[in-house]
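Each chain is listed here by its residues.
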Number of protein chains: 2
Amino acid sequence: MSMRSLGIELHCRCIQTESKPIGRHIEKVELIPANSHCEETEIIATLKKTGEEVCLDPEAPWVKRVIQRILSNRRR
Amino acid sequence: MSMRSLGIELHCRCIQTESKPIGRHIEKVELIPANSHCEETEIIATLKKTGEEVCLDPEAPWVKRVIQRILSNRRR
């Protein structure tokens, strides 16, 4: 059984990140800490309606704001 | 086709949250903003090794610290 078939990612999942502030379209956000397979933190948002997965830039101010808003449980 | 079979959750996913600080065992964290089916933000961590999913308390200081650490891309 390969590592991949075990669902273990062996590389970074994000190639490029979304630059537009799409906070209001986000259904959920996945935070993947840096690990042995990817030296950058990765943030992957799943969009409402389409279910599309979009990578976000952990350094972008609007991304940080969206995450703080989710954590503080404020409605949009 | 039911809402559930479309992968849409119709209720909160978390019943109870982990009280022990398990930050170092976290492989990834899912943030689910409050929505029409669940009025609380939910934070679900997937653990390394076991892949077990554990709900975290968004209000717990150690949970906030773990998320800030992931966002700032600091190694554990």
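Residues numbered from 1 in each chain as written. Chains lettered and ligands numbered in written order. Predicted model: local features only at pLDDT ≥ 70, side-chain atom pairs only at ≥ 80, totals over all residues. Heavy atoms only, no water.

Draft legend 1. Up close: helix 1 (residues 61-71) of chain A. Of the residues making up helix 1 of chain A, those classed as buried are Trp62, Val63, Val66, Ile67, Ile70 and Leu71 of chain A. Lining the buried residues of helix 1 of chain A we find strand 1 (26-32), strand 2 (42-47) and strand 3 (53-56) of chain A together with strand 1 (26-32), strand 2 (42-47) and helix 1 (61-71) of chain B. (Buried < 20%, exposed > 50% of the residue type's maximum accessible area, 1.4 Å probe, protein only. Helix = DSSP H or I, 4+ residues; strand = E, 2+ residues; numbered from the N terminus. Contact = heavy atoms within 4.5 Å.)

Draft legend 2. Just the sheet that holds strand 3 (residues 53-56) of chain B, in detail. Strand order in this open sheet of 6 strands is 3(A)-2(A)-1(A)-1(B)-2(B)-3(B), and the pairing throughout is antiparallel. At either margin of the open sheet sits one strand with a lone partner, and together these are strand 3 of chain A together with strand 3 of chain B. On average, adjacent strands in this sheet sit at an angle of 25 degrees to one another, irrespective of strand direction. Both strand 1 of chain A and strand 2 of chain A contribute to a ladder of 6 bridges, which runs antiparallel. Opposite Ile32 of chain A, over in strand 2 of chain A, you have Glu42 of chain A as the bridge partner. (Pairing = 2+ DSSP bridges. Axes fitted to C-alpha atoms, helices over the stretch in contact; angles between N-to-C directions.)

Draft legend 3. Region of interest: the environment of Glu27 of chain A. Residue placement: Glu27 of chain A occurs in strand 1. Since its relative accessible area comes to 40%, Glu27 of chain A is described here as partly exposed. Apart from the residues lying within four places of it in its own chain, the contact partners of Glu27 of chain A are Thr46, Leu47 and Lys48 of chain A together with Ile32 and Pro33 of chain B.

Draft legend 4. Just the relation of the copies chain A and chain B, in detail. Each copy of the sequence occupies a distinct position, and chain A is placed on chain B by a rotation of 180 degrees and an axial shift of 0.0 Å, giving an RMSD of 0.0 Å. Taken together, the turn and the small shift mark the pair as related by a two-fold rotation axis. Minimal C-alpha separation from the rotation axis in chain A is found for Glu30 of chain A, amounting to 2.2 Å. In this assembly the copies share their binding face: 100% of the residues contributing to the interface of chain A also contribute to that of chain B. (Least-squares fit on C-alpha atoms with pLDDT ≥ 70 in both.)

Draft legend 5. Highlighting the state of the cysteines. The final tally for this structure, using the stated rule, is 4 disulfides over all chains. Between the sulfur of Cys12 of chain A and that of Cys38 of chain A lies a disulfide, 2.1 Å long from S to S. The sign of the 100 degrees torsion about the S-S bond sets the Cys12 of chain A-Cys38 of chain A disulfide as right-handed. With a gap of 26 residues between them, Cys12 of chain A in the segment before strand 1 and Cys38 of chain A in the loop between strand 1 and strand 2 connect regions that are remote in the sequence. Overall, Cys38 of chain A belongs to the buried group, its relative accessible area being 5%. Across the disulfide, Cys14 of chain B is cross-linked to Cys55 of chain B (sulfur-sulfur distance 2.1 Å). The S-S bond linking Cys14 of chain B to Cys55 of chain B shows a torsion near -85 degrees; that makes this disulfide left-handed. Taken together, the positions of Cys14 of chain B in the segment before strand 1 and Cys55 of chain B in strand 3 put the pair 41 residues apart, joining distant regions of the chain. Cys55 of chain B matches Cys14 of chain B in its accessibility class, with the two residues each being buried. (Disulfide = S-S within 2.5 Å.)

Draft legend 6. A look at the side chain of Thr46 of chain B. Structurally, Thr46 of chain B is set in strand 2. Not counting the four nearest positions on each side in its chain, Thr46 of chain B is found in contact with His25, Ile26, Glu27, Lys28, Gly51, Glu52 and Glu53 of chain B.

Draft legend 7. Local environment of the pattern of salt bridges. According to the stated counting rule, one finds 8 salt bridges over all chains in the structure shown. With a shortest N-O distance of 3.2 Å, Arg13 of chain A and Glu30 of chain A are connected by a salt bridge. Of this pair, Arg13 of chain A sits in the segment before strand 1 while Glu30 of chain A sits in strand 1, placing them 17 residues apart in sequence. Between Arg13 of chain B and Glu53 of chain B there is a salt bridge, and its shortest N-O distance comes to 3.5 Å. Of this pair, Arg13 of chain B sits in the segment before strand 1 while Glu53 of chain B sits in strand 3, and the two are 40 residues apart along the sequence. Under the relative-accessibility criterion, Glu53 of chain B is labelled partly exposed at 47%. Each of Arg13, Glu30 and Glu53 of chain A together with Lys28 of chain B takes part in a single network of salt bridges with overlapping partners. (Salt bridge = Lys/Arg side-chain N within 4 Å of Asp/Glu carboxyl O.)

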